[in-house]
Amino acid sequence: MKIKVCGMRDVENVSSLLALKPDFVGFIFYHKSKRFVTEFPQIKFPSETKKVGVFVNETIEKVIATVEKYKLDFVQLHGNETPNYCNEILNSHLERSRKIVSESHKLKIIKAFSVDENFDFSITKKFQKFCEYFLFDTKGTNYGGNGIKFNWEILQNYKGKVPFLLSGGISKDDAEDIKKIIHPAFKGVDINSGFEIEPALKNIKNIKEFKHNLI
Ligand SMILES: O=C(O)c1ccccc1NCC(=O)[C@H](O)[C@H](O)COP(=O)(O)O
């Protein structure tokens, strides 16, 4: 099962996290978030851990510039971005990387959806050809990091092929329930406020225990 730890910022905290070999580490580039990255931690990432930039209704130019500056592997889109916006992100990155010969990595997209009891999973269809993963997060007052769970049973209404990460209010005591989720597209979890000491500072011991219990 894949693990994404989102909302990181502190250089020593990121460094301790990397020792646990998470699959993804997320950095929030949304200035209204309390986890907004003001100074990107300058650390060499192992190739098995992917860097994810989280954006909310950001301009394409800003997203691409941030991807290039911090060499991000994924962008996670957490606002009202459309399939066309996703297409433009991929095309802009491809066009730019063709011009810079040394930069040839392929950018990938995670589209986040805010889920509540009435969520219509069929809206994900229009995004499927642009996205590597979907992220099903709980609908709340903020675009993300709300710290609340949705009813995981409704995941069974998702019939698509794009793999998804489950998110929203997950904490270390949820490992057993997560292991009970049976769905062909369920690929992993995204964790955030449930593991925080303070905004953007994670409790590495709890993440280690959670990761161990998930196996
Ligand atoms: O975490 C934030 O502050 C945030 C703000 C705006 C957009 C997205 C944000 N987080 C993205 C994530 O992937 C979170 O991990 C996800 O929303 C779950 O958070 P939590 O409920 O705290 O576990």
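These lines cover the structure that appears in this document, whether it is placed above or below.

Thresholds applied
- Residues numbered from 1 in each chain as written.
- Predicted model: local features only at pLDDT ≥ 70, side-chain atom pairs only at ≥ 80, totals over all residues.
- Heavy atoms only, no water.
- Phe/Tyr/Trp six-rings, centres within 6.5 Å; stacked < 30°, edge-to-face > 60°.
- Helix = DSSP H or I, 4+ residues; strand = E, 2+ residues; numbered from the N terminus.
- Buried < 20%, exposed > 50% of the residue type's maximum accessible area, 1.4 Å probe, protein only.
- Lys NZ or Arg CZ within 6 Å of the ring centre and 35° of its normal.
- Axes fitted to C-alpha atoms, helices over the stretch in contact; angles between N-to-C directions.
- Parallel < 35°, antiparallel > 145°, perpendicular 65-115°, else oblique.
- Left-handed = near helix turned anticlockwise from the far one by under 90°.
- Contact = heavy atoms within 4.5 Å.
- Pairing = 2+ DSSP bridges.
- Near = heavy atom within 4 Å.
- Polar contact = N/O pair within 3.5 Å; in protein donor to acceptor, adjacent residues only side chain to side chain.
- Areas by Shrake-Rupley, 256 points an atom, 1.4 Å probe, with all protein chains shown as cover.
- 1 Å grid on protein atoms, 1.4 Å probe; cavity = no way out; pocket = protein on both sides within 12 Å on 5 of 7 lines; lining within 4 Å.
- Points joined across faces, edges and corners; volume = space filled by probe spheres on them.
- Nonpolar A, V, L, I, M, F, W, Y, C, P; charged D, E, K, R; others polar.
- Salt bridge = Lys/Arg side-chain N within 4 Å of Asp/Glu carboxyl O.

**As for the packing of aromatic side chains**
1) Next: Counting across every chain of the model gives 25 aromatic pairs.
2) Next: Geometrically, the ring pair formed by Phe113 and Phe127 is edge-to-face, given 5.4 Å between the ring centres and 85 degrees between the ring planes. Here Phe127 lies in the loop between β5 (108–115) and β6 (133–138) and Phe113 lies in strand β5, a separation of 14 residues in the sequence. A single burial state applies to Phe113 and to Phe127, both of which are buried.
3) Next: When the ring of Tyr158 is compared with that of Phe164, the centres are 5.7 Å apart and the planes differ by 85 degrees; the resulting orientation is edge-to-face. You'll find Tyr158 and Phe164 in the same group, each marked buried.
4) Next: Between Lys51 and the ring centre of Phe45, over which it is positioned, the NZ or CZ distance is 5.3 Å.
5) Next: The residue whose ring lies beneath Lys111 is Phe113, and the NZ or CZ to ring-centre distance is 5.3 Å.

**Thoughts on the packing of helix α2 (residues 60–70) against helix α3 (residues 83–99)**
1) Next: Look at α2 against α3: their axes get within 10 Å of each other, and the N-to-C directions meet at 45 degrees. It follows from the interaxial angle that α2 and α3 lie oblique. Note that α2 runs across α3; the crossing there is right-handed. Packed against α2, whose contacting residues are Ile60, Val63, Ile64, Val67 and Glu68, the element α3 presents Tyr85, Glu88, Ile89, Ser92, His93 and Arg96 at the interface.

**Points about the sheet that holds β6**
1) Next: Read once around its circumference, the closed barrel built from 8 strands follows the order β1-β2-β3-β4-β5-β6-β7-β8, with strand pairing classed as parallel. Taken pair by pair, the neighbouring strands of this sheet meet at an average axis angle of 30 degrees, ignoring direction.
2) Next: The sheet contact formed by strand β4 (residues 74–77) and β5 spans 4 bridges and is parallel. When the sheet's bridge partners are listed, Leu77 is paired in β5 with Lys111.

**Looking at the environment of Lys129**
1) Next: Following the sequence through the fold, Lys129 ends up in the loop between β5 and β6.
2) Next: For Lys129 and Lys208, which are 79 residues apart along the polypeptide, the C-alpha to C-alpha distance reads 34 Å.

**A short note on the pairing of strand β3 (residues 50–55)**
1) Next: Where burial is concerned, most of β3 is hidden: 5 out of the 6 residues are buried.
2) Next: In terms of strand pairing, strand β2 (residues 24–28) meets β3 through 5 bridges, oriented parallel. Along β3, the bridge assignment pairs Gly26 with Val52.
3) Next: Looking at chain direction, β3 and β4 are connected through 4 bridges and run parallel.

**So, the site of the ligand**
1) Next: Near the ligand there are 23 residues, and of these Ser33, Arg35, Asp137, Asp190 and Ser193 occur at the shortest range.
2) Next: Taking Arg35, its side chain carries an N or O atom lying 2.7 Å from an oxygen atom of the ligand.
3) Next: Within the side chain of Asp137, an N or O atom sits 2.5 Å from an oxygen atom of the ligand.
4) Next: Burial of the ligand by the surrounding chains reaches 98%, relative to a free accessible area of 520 Å².

**Details of the side chain of Asn206**
1) Next: Checked against the element boundaries, Asn206 lands in helix α5 (residues 204–214).
2) Next: Setting aside residues up to four positions removed in sequence, Asn206 forms contacts with Lys172 and Phe195.

**Thoughts on the layout of surface pockets**
1) Next: Of the volumes computed, that of the largest pocket is approximately 400 Å³.
2) Next: Taken together, 30 residues form the lining of the largest pocket, with Arg35, Tyr143, Gly144, Gly145 and Asn146 sitting closest to its centre.
3) Next: Here the lining of the largest pocket is built from residues that sort into 9 nonpolar, 15 polar and 6 charged.

**Quick look at the pattern of salt bridges**
When charged atoms on two side chains of opposite charge get close, those side chains can pair.
1) Next: Enumeration over the complete set of coordinates arrives at 10 salt bridges.
2) Next: Between Arg35 and Glu196 there is a salt bridge, with the nearest N and O atoms lying 2.7 Å from each other. Within this pair, whereas Arg35 is found in the loop between β2 and β3, its partner Glu196 is found in strand β9 (residues 196–198), the two being separated by 161 residues in sequence.
3) Next: In this structure Arg35 comes out as buried when scored by relative accessible area, which is 5%.
4) Next: With a closest N to O distance of 2.8 Å, Glu196 and Lys202 form a salt bridge.

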